[in-house]
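Chains, contacts and geometry: an overview
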Amino acid sequence: EDQVTQSPEALRLQEGESSSLNCSYTVSGLRGLFWYRQDPGKGPEFLFTLYSAGEEKEKERLKATLTKKESFLHITAPKPEDSATYLCAVQAWGNEKLTFGTGTRLTIIP
Amino acid sequence: DAGVTQSPTHLIKTRGQQVTLRCSPKSGHDTVSWYQQALGQGPQFIFQYYEEEERQRGNFPDRFSGHQFPNYSSELNVNALLLGDSALYLCASSVSSGTDTQYFGPGTRLTVL
């Protein structure tokens with residue numbers, strides 16, 4: 001069965017202090033790995049899709065990378081508006097569902 | 001370009017009642033998936049609809065059922081509500097022949113008393 005583990009559960013950073021969030025996964029044939037951002041009480045907002053090991057994608061202060069066992073979401077010089085829960089999900093070949101981790105709750109302190 | 005929309009925003013029901021939640025997919029999308037998200041957890045897959053048929057189902061009891069209409073909109077029905085059904089219900093839409101990225105709506109917060 002597909003599994004996703006995210007660490008840390010929660011992370012507090014000072015504004016401008018860069019860091020990385022981890023997503024470890026096991027899946028029977030990776031079709032795609034997805035990163036979402038979720039604000040309290042709202043639906044997840046799509047950030048990135050990664051398909052193969054070695055792939056990287058960037059958007060503003062965020063960069064996602066992928067290996068055969070894990071993905072990292074790097075946050076460079078974060079701002080308070082980057083505070084949110086970041087969710088990682090995987091999709092296997094032959095499968096329509098996304099399997100999610102429990103997320104990392106990121107707080108950026110001004 | 002309208003994103004995924006869901007209604008209602010909030011709903012309060014009592015145990016044993018039935019509820020219907022609604023979802024309109026993003027423009028150009030033909031596939032709708034439903035997820036349940038308990039507080040502090042990641043979303044859990046309920047089922048996916050494509051061409052008005054249930055294409056895949058997660059580990060949820062038969063009390064959870066759905067429907068997709070010819071305009072691709074969808075409904076999620078839950079019968080005989082339990083306290084444990086209290087959660088944020090998320091709808092996600094995608095294109096069956098596209099990159100498979102699922103885009104989520106704002107969710108419906110269901111509280112069962």
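As shown above, the structure is provided for reference.
These figures come from a predicted structure and were not determined experimentally. (Residues numbered from 1 in each chain as written. Chains lettered and ligands numbered in written order. Predicted model: local features only at pLDDT ≥ 70, side-chain atom pairs only at ≥ 80, totals over all residues. Heavy atoms only, no water.)

Here we look at the interface of chain A and chain B
- Contact residues are listed per partner, giving 20 residues for chain A and 20 residues for chain B.
- Three residues stand out in chain A for area buried against chain B, namely Pro44, Glu96 and Phe100 of chain A, and they jointly supply 29% of the buried area on that side.
- Between chain A and chain B we count one salt bridge in total.
- In this structure, Glu96 of chain A and Arg55 of chain B form a salt bridge, with 3.5 Å as the shortest nitrogen-oxygen distance.
- For the interface between chain A and chain B, the tally reads nine residue pairs in polar contact (both at pLDDT 80 or more).
- At the level of secondary structure, the elements contributing two or more residues to the side of chain A that touches chain B comprise strand E4 (30-38), strand E5 (45-50) and strand E9 (84-92) of chain A.
- Its residues assigned to classes, the side of chain A that touches chain B comprises eight nonpolar, eight polar and four charged. (Contact = heavy atoms within 4.5 Å. Buried area = accessible area lost by both parts, 1.4 Å probe. Salt bridge = Lys/Arg side-chain N within 4 Å of Asp/Glu carboxyl O. Polar contact = N/O pair within 3.5 Å; in protein donor to acceptor, adjacent residues only side chain to side chain. Helix = DSSP H or I, 4+ residues; strand = E, 2+ residues; numbered from the N terminus. Nonpolar A, V, L, I, M, F, W, Y, C, P; charged D, E, K, R; others polar.)

Some words on the side chain of Thr99 of chain A
Residues and elements named next belong to chain A.
- Tracing the backbone shows Thr99 in strand E10 (residues 99-100).
- Residue class for Thr99 comes out buried when judged on its relative accessible area of 14%.
- Ignoring sequence-local partners within four residues, the contact set of Thr99 consists of Asp2, Val4, Cys88, Ala89 and Val90. (Buried < 20%, exposed > 50% of the residue type's maximum accessible area, 1.4 Å probe, protein only.)

Overview of the packing of aromatic side chains
- Here the structure, examined in full by the defined rule, presents 10 aromatic pairs over all chains.
- Taking the centre distance of 5.4 Å and the plane angle of 65° together, the rings of Phe46 of chain A and Tyr103 of chain B count as edge-to-face. Linking Phe46 of chain A in strand E5 with Tyr103 of chain B in strand E10 (residues 103-104), this pair reaches from one chain into another.
- Ring centres of Tyr35 of chain B and Phe45 of chain B lie 5.6 Å apart, and the angle between their planes is 65°; this geometry places the pair in the edge-to-face category. Pair noted here: Tyr35 of chain B is in strand E4 (residues 31-37) and Phe45 of chain B is in strand E5 (residues 44-50), with a separation of 10 residues, a long-range link. (Phe/Tyr/Trp six-rings, centres within 6.5 Å; stacked < 30°, edge-to-face > 60°.)

A word on the layout of surface pockets
- Taken as a whole, the largest pocket holds about 460 Å³ of empty space.
- If you trace the largest pocket, you find 21 residues lining it, with Gln38, Thr85 and Arg105 of chain A together with Gln37 and Gly40 of chain B closest to the centre.
- Those elements giving two or more residues to the lining of the largest pocket turn out to be E9 and strand E11 (104-109) of chain A.
- One number sums up the size of the second largest pocket: a volume of about 340 Å³.
- Taken together, 17 residues make up the lining of the second largest pocket; nearest its centre are Glu1, Lys97 and Thr99 of chain A together with Gln44 and Phe45 of chain B.
- Of all the secondary structure elements, the ones that give two or more residues to the lining of the second largest pocket are strand E1 (3-7) and E10 of chain A together with E5 and strand E6 (53-57) of chain B.
- Top contributing element to the lining of the second largest pocket by residue count: E1 of chain A, with three residues. (1 Å grid on protein atoms, 1.4 Å probe; cavity = no way out; pocket = protein on both sides within 12 Å on 5 of 7 lines; lining within 4 Å. Points joined across faces, edges and corners; volume = space filled by probe spheres on them.)

So, the sheet that holds E1 of chain A
Residues and elements named next belong to chain A.
- Taken in spatial order, the five strands line up as E1-E3-E8-E7-E6 in an open sheet, and their pairing is antiparallel. In this open sheet, the two edge strands, each paired with only one partner strand, are E1 and strand E6 (56-59). Adjacent strand axes in the sheet meet at a mean angle of 15° when their direction is disregarded.
- Two strands pair when backbone bridges link them, and E6 and strand E7 (residues 62-66) are joined in this way by four bridges, in the antiparallel orientation. Counterpart to Lys57 in the pairing with E7 is Ala64. (Pairing = 2+ DSSP bridges. Axes fitted to C-alpha atoms, helices over the stretch in contact; angles between N-to-C directions.)

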